[in-house]
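Below are the chains, spelled out letter by letter.
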Amino acid sequence: MKRPAGILALGLAVIYAPACGRKGPLQRPVSPRPQAVEKLVARQRGASVVLEWTNPARAIDGRPLRALLAAEVWVLDLGPAGARGPLKPRDFETRARLVRRVPARELRSASGRMSGTAADAIVVYPVSRDGFHPGTQAFSVRVLDDKGRPSEFSAPVPVDLKACPRPPEIQGVEVFEDRIEVRWSPPEANIDGDRRAHV
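Numbers given for residues are sequential positions, taken from 1 along each chain in its written order. A pLDDT threshold of at least 70 governs which residues receive local features in this predicted model, and a stricter bar of 80 or more applies before side-chain atom pairs are shown or counted, although totals over entire chains, interfaces and linings include all residues. Hydrogens are left out, water is left out, and the side-chain values use all remaining heavy atoms of the structure.

A word on the nonpolar core
Moving on, step 1. With 25 residues, the main nonpolar core has Leu-51, Trp-53 and Phe-139 as its most contacted residues.
Moving on, step 2. For this core, the secondary structure elements donating two or more residues are strand S1 (38-45), strand S2 (48-54), strand S3 (68-79), strand S4 (97-103), strand S6 (119-126), strand S7 (135-145) and strand S8 (157-161).
Moving on, step 3. Helix and strand assignments follow DSSP, with helices taken as H or I runs no shorter than four residues and strands as E runs no shorter than two, numbered in order from the N terminus. Sort the elements by how many residues they give to this core and S3 lands first, with 4 residues.
Moving on, step 4. Here the nonpolar core consists of buried residues drawn from Ala, Val, Leu, Ile, Met, Phe, Trp, Tyr and Cys, with membership extended through side-chain atoms lying within 4.5 Å. Exposure categories follow from relative accessible area, calculated using a 1.4 Å probe and restricted to protein chains: below 20% of the type maximum is buried, above 50% is exposed, and the middle band is partly exposed. Counting 7 residues, the second-largest nonpolar core is a separate cluster that includes Trp-74, Leu-78, Phe-92 and Ala-96.

Remarks on the pairing of S8
Moving on, step 1. Along S8, the buried face is formed by Val-157, Val-159 and Leu-161; none of Pro-158 and Asp-160, which line the opposite face, is buried.
Moving on, step 2. Pairing between strands is defined by DSSP: at least two bridges between the two strands are required. Across 5 bridges, S7 lies against S8 in antiparallel orientation. Each residue of the ladder has a partner; that of Ala-138, found in S8, is Pro-158.

Re the sheet that holds S4
Moving on, step 1. Across the sheet, which stays open at both edges, the 4 strands sit in the order S4-S3-S7-S8 with antiparallel pairing between neighbours. At either margin of the open sheet sits one strand with a lone partner, and together these are S4 and S8. Taken over all neighbouring pairs, the strand axes of this sheet differ in orientation by 30 degrees on average, direction set aside.
Moving on, step 2. Note that S3 and S4 share 6 bridges and pair antiparallel. Within S4, the residue paired with Val-73 across the bridge is Arg-100. Axis definition: a line fitted to C-alpha atoms, over the contacting stretch in the case of helices. Angles run 0 to 180 degrees between N-to-C directions.

A short note on the packing of aromatic side chains
Moving on, step 1. Any two rings among Phe, Tyr and Trp, with Trp reduced to its six-membered ring, count as a pair given centres within 6.5 Å; such a pair is stacked if its planes are under 30 degrees apart, edge-to-face if over 60, and tilted if neither. Throughout the structure, instances matching the rule amount to 3 aromatic pairs.
Moving on, step 2. The interplanar angle of 35 degrees and the centroid separation of 5.8 Å between the aromatic rings of Phe-92 and Phe-153 together place this pair among those described as tilted. Here Phe-153 lies in the loop between S7 and S8 and Phe-92 lies in helix H2 (residues 91-95), a separation of 61 residues in the sequence. Accessibility classification places Phe-92 together with Phe-153 in one group, the buried group.
Moving on, step 3. Between Tyr-125 and Phe-139 the ring centres are 5.9 Å apart and the planes differ by 65 degrees, which places this aromatic pair in the edge-to-face class. Residue Tyr-125 is located in strand S6, and its partner Phe-139 is located in strand S7; the two are separated by 14 residues in the primary sequence.
Moving on, step 4. A residue is classified by how much of its surface remains accessible, and Tyr-125, at 7% relative accessible area, is buried.
Moving on, step 5. The buried category is assigned to Phe-139, whose relative accessible area is 0%.

Just distances and angles here, no functional claims.
Dropping the structure here:
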């Protein structure tokens, strides 16, 4: 009775041997990190750059994000205005600098004032803290989930910074039955200090 059992065991080994160690196509490990920010828009407004974007709702592995810890604004200096080449998110990993880290509670929702679409966050970044310098800067944003895991950088958005005028100075406001009159003085200089105001 033992001999047939031995033959059966040998047969099963022959059948399943070719399947052992068979490899399928290589697949990247699924990551729990947040997906990248989308629809980033950046515009210069006086001495600041206003950024709007849409936050990710899911992680790379498809699971819904529970919460965001913060958003980071990164800047890449590109030199004189117009001196621009193709930009990719990986350029920010080695060349960019972090200029703002905004806690999630401080991110303000906006109704797409610049992009025309709904935005989850709006951040104002002053570009003239250390003196204004015209040129091109590229902006990218990434978010951190509630465990501090960062997303990939968003698609970069270049902005050509110009020495625009400072804001006018309001002198007074009067309200009438049929109109409102506002009096102001034009700016005497640009945001770079040049007194030849570009008005």
